[in-house]
Amino acid sequence: MTPKPSQDTKSLLWVNGWYSFAKRMDSPHFNARPQDAKIDLVVLHSISLPPGIYGGDTVTDFLSGQALSLHHPYLETIKDLKVSAHFFIRRQGELVQLVSCNDRAWHAGVSHYRGRDGCNDDSIGIELEGLEGETFEAEQYETLSSLCASLLQHFPIEHFAGHEHIAPGRKKDPGSGFLWEVLRHSLGLSKDLFPVFNK
Ligand SMILES: [Zn+2]
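Below or above, wherever it landed, is the structure these notes cover. (Residues numbered from 1 in each chain as written. Predicted model: local features only at pLDDT ≥ 70, side-chain atom pairs only at ≥ 80, totals over all residues.)

Another point: the overall build of the protein chain. When you go through the protein chain residue by residue, the secondary structure sums to six helices and twelve strands. The C-alpha atoms of the protein chain give a radius of gyration of 16 Å, which matches the 16 Å a tight globule of 199 residues would have. For the protein chain, the C-alpha atoms occupy an extent of roughly 55 × 45 × 35 Å along the three principal directions. Counting across all 199 residues of the protein chain, residues that qualify as buried make up 33%. When contacts within the protein chain are restricted to residue pairs at least 6 apart in sequence, long-range pairs at least 24 apart make up 72% of them. (Helix = DSSP H or I, 4+ residues; strand = E, 2+ residues; numbered from the N terminus. Rg over C-alpha atoms; globule rule 2.2 N^0.38 Å. Buried ≥ 20, exposed ≤ 12 C-beta atoms within 10 Å, placed from the backbone. Contact = placed C-beta atoms within 7 Å.)

As summarised here, the arrangement of the six strands in space is β3-β7-β6-β11-β5-β12, forming an open sheet in which the pairing is mixed. The sheet is open, and its two edges are formed by β3 (23–24) and β12 (159–162), each paired on a single side. (Pairing = 2+ DSSP bridges.)

Mapped onto the secondary structure, Leu189 falls in the segment after α6 (180–187). Of the residues examined, Leu189 has 16 C-beta atoms within 10 Å and is grouped as partly exposed. Separated by 72 residues in the primary sequence, Leu189 and Asp117 place their C-alpha atoms 25 Å from one another.

By themselves, these figures tell us nothing about what the structure is for.
Written as C-alpha cells, this is what we have:
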C-alpha cells in the first residue's frame, strides 16, 4: 500500500475548530468570537458535580445544557446557569469537546489577563474533572498535554493560565493540586508562558 500524503494530517486533526481525538458532545452554550480575536490563551479549570464527586454524566450534562437527572442541593443552585468550556477531561483521561474552538465558550466570566478583559473572547477553556485543592490523575495530564501540544500547533497560543489567575479573588480553580510544572515540562515550554512561575 502507498502511504497517504502527510500534508493531510493537520487538516484531519482539526475540522472547523473540532479536535478529532475528542468525543464530541455539542453544547448550545456558545456564541461567535469577536472577528479579530487572537486566540492566544489557554485557561484551565476544575469542575466536579456535585463538588468532589467524580464520574457520571452530570458535568457533561451541565456544560451541554441538558437537564440534570441527579438531585442534590448544590445542583439546584447552579442548574440554570448557562456555562460551557471547549473541552472536558474526565478522571480516566477521556477527552470531550463541547464547543468548537472557533467559537466563544462561556467558561471565564468576568476576567482579565495579559491586559485584556473578557477572556472568553480569545481563549480556549479546558475543564479538568476535579476539585480545587485536590490532585489530578496521570491520565488527565497525558490527555491535557497532547491536547495542548496540538493547540500550540493550530492556534497562536502564548499563555497558559488558570481560572484563578484570570479571575483572582473570585475563582480558585484548578487550585494548588494542579501541577503546572508537569504540564510545562511535558510541552517543553518556557516559564514565561505561565503566571504561576512569574509571581
Ligand atoms: Zn473555572
